[in-house]
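These are the residues of each chain, in order.
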Amino acid sequence: MTHRSYQFTHALCRAPATSVTDGLRAADQGDPDPAVFAAEHDAYVSALRDAGCTVAVLPADEAFPDSVFIEDPALVLNGVAIVLRPGAPTRLGEADALRPALVHHMADVVDLHTEGFVDGGDILCTDDRVLLGLSARTSATGAEDLRPLVEAQGYALEVLQTPPEILHFKTESSLLDAETVLATPALAASGAFRGLKIIETVPGEEAAANAIRVNDHVFVSAGHPRTADRLTDAGYSVKVLNTSQAALVDGGLSCMSLRYSLG
């Protein structure tokens, strides 16, 4: 059986802009260094390729400081891109800016028409369910308008409430395989992961929860060695990547690529 939730043939990325220094952040820990960010992004793209993906990297879009986080304005299911409506005002134009590339690279493109908002960072896909966490960036109206588009691709949509102190649903959770998620203790306790096994991050390493499974590998951000060891002990092949610059603007591993399969 093909596990469409983590087996991918392709990935689409966008190079970080130098304007990323103006990127959104919940807390100011200083500006990212564009040169260091570019190097970390290059290593991320290389890791995707090493994991078996054909990766296309779009040029930086200086008009949108957060555009390196390409997952937020789109959701890809079965090679079909759904153009979303991000909830941050400065990011609203990103979806339209990304759409031509989606038309070029994806099997098909459909648009979410809504007065609400849906941010890709709030979406976690299993093989048959799309878990959507309501947050400051994703509204109930947007979620309900997304439902028929998700169901048309053969998925059930489950709308959940992300705890208010968490920016995005995937800030504190990720899929490890068809039956297992990695989550912080706080999100694990929320009841969001019905029917799934949960591996919890080690206390103090909550940021490790934003991991990604790509074919045979699980990418984990550097700086969380005990959680990485916990995943290795559970039988996963762990690849540690530096995401220090993305973290300064509330980004992580999942949001820097759209991962999908064609054919």
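Here we summarise the structure given alongside this text. Being a predicted model, the structure only gives us computed values, none of them experimental.

**Here we look at the sheet that holds strand β7 (residues 129–134)**
The three strands lie next to each other as β6-β7-β8, forming an open sheet whose pairing is mixed. Of all strands in the sheet, those with a lone pairing partner are β6 (123–125) and β8 (156–161), marking the two edges. Between one strand axis and the next, the sheet turns through 20° on average, direction left out of account. By the bridge criterion, three bridges tie β6 to β7 in an arrangement that is antiparallel. When the sheet's bridge partners are listed, Leu-124 is paired in β7 with Leu-131. In this fold helix α3 (residues 140–151) packs onto β6, β7 and β8, with an angle of close to 165° to the strand it touches most, β8.

**Section: the layout of surface pockets**
Each pocket or cavity is described by its volume, and for the largest pocket that value is around 600 Å³. Looking at the lining of the largest pocket residue by residue, the classes come out as 11 nonpolar, 11 polar and 11 charged. For the second largest pocket, the calculated volume is near 500 Å³. Among the elements that take part in the lining of the second largest pocket, strand β3 (residues 74–77) stands out by supplying four residues, more than any other. The residue inventory of the lining of the second largest pocket, partitioned by class, reads 15 nonpolar, 10 polar and five charged.

**A short note on the packing of aromatic side chains**
As enumerated under the stated definition, the model contains two aromatic pairs in all. Relative to Phe-69, the ring of Phe-37 has its centre 6.4 Å away and its plane inclined at 45°; by these criteria the two rings are tilted. Note that Phe-37 is positioned in helix α1 (residues 34–50) and Phe-69 in the loop between β2 (54–58) and β3, a separation of 32 residues in sequence. When its relative accessible area of 1% is taken as the criterion, Phe-37 is described as buried. Measuring from ring centre to ring centre gives 5.7 Å for Phe-169 and Phe-193, while their planes differ by 35°; the resulting arrangement is tilted. Remark: Phe-193 occurs in the loop between α4 (185–188) and β11 (197–200) and Phe-169 occurs in the loop between β8 and β9 (173–177); sequence separation between them is 24 residues. The pair Phe-169 / Phe-193 is uniform in exposure class, with both members buried.

**Considerations on the pairing of β8**
Pairing between β7 and β8: six bridges, direction parallel. Bridge pairing links Leu-132 to Val-159 in β8. In this region the chain leaves β7, passes through α3 and returns to the parallel neighbour β8; the handedness of that crossover is right-handed.

What counts, and at which threshold
- Counting restarts for each chain, with residues numbered from 1 along the sequence as it is written.
- The predicted origin of the model limits local features to residues at a pLDDT of at least 70 and limits the giving and counting of side-chain atom pairs to 80 or more, whereas totals for whole chains, interfaces and linings rest on all residues.
- Remark: hydrogens and water are excluded; side-chain values derive from all non-hydrogen atoms of the structure.
- Here, strands pair whenever DSSP counts at least two bridges between them.
- Secondary structure elements are defined from DSSP: runs of H or I of at least 4 residues count as helices, runs of E of at least 2 residues count as strands, and each element is numbered from the N terminus.
- Between N-to-C directions, angles cover 0 to 180 degrees, with each direction set by a line fitted to C-alpha atoms, over the stretch in contact for helices.
- Whether two residues are in contact is decided by their heavy atoms: any pair within 4.5 Å suffices.
- Cavities and pockets were defined on a 1 Å grid built over protein atoms only: a cavity is a set of grid points that admits a 1.4 Å probe from which the probe cannot escape, a pocket is an open set flanked by protein on both sides within 12 Å along at least five of seven lines, and lining residues are those with an atom within 4 Å of any such point.
- Grid points are joined across faces, edges and corners, and a volume is the space filled by probe spheres set on the points.
- Polar here means any residue other than Ala, Val, Leu, Ile, Met, Phe, Trp, Tyr, Cys and Pro, which are nonpolar, and Asp, Glu, Lys and Arg, which are charged; Gly is therefore polar.
- Any Phe, Tyr or Trp ring, taking Trp's six-membered ring, that has another such ring centre within 6.5 Å forms a pair; planes under 30 degrees apart are called stacked, those over 60 apart edge-to-face, and the others tilted.
- Buried residues are those whose accessible area, probed at 1.4 Å on protein chains only, stays under 20% of the maximum for their type, while exposed residues exceed 50% and partly exposed ones sit between those limits.
- Note on handedness: a clockwise path from strand one over the helix to strand two, with the strands aimed away from the viewer, defines a right-handed crossover.

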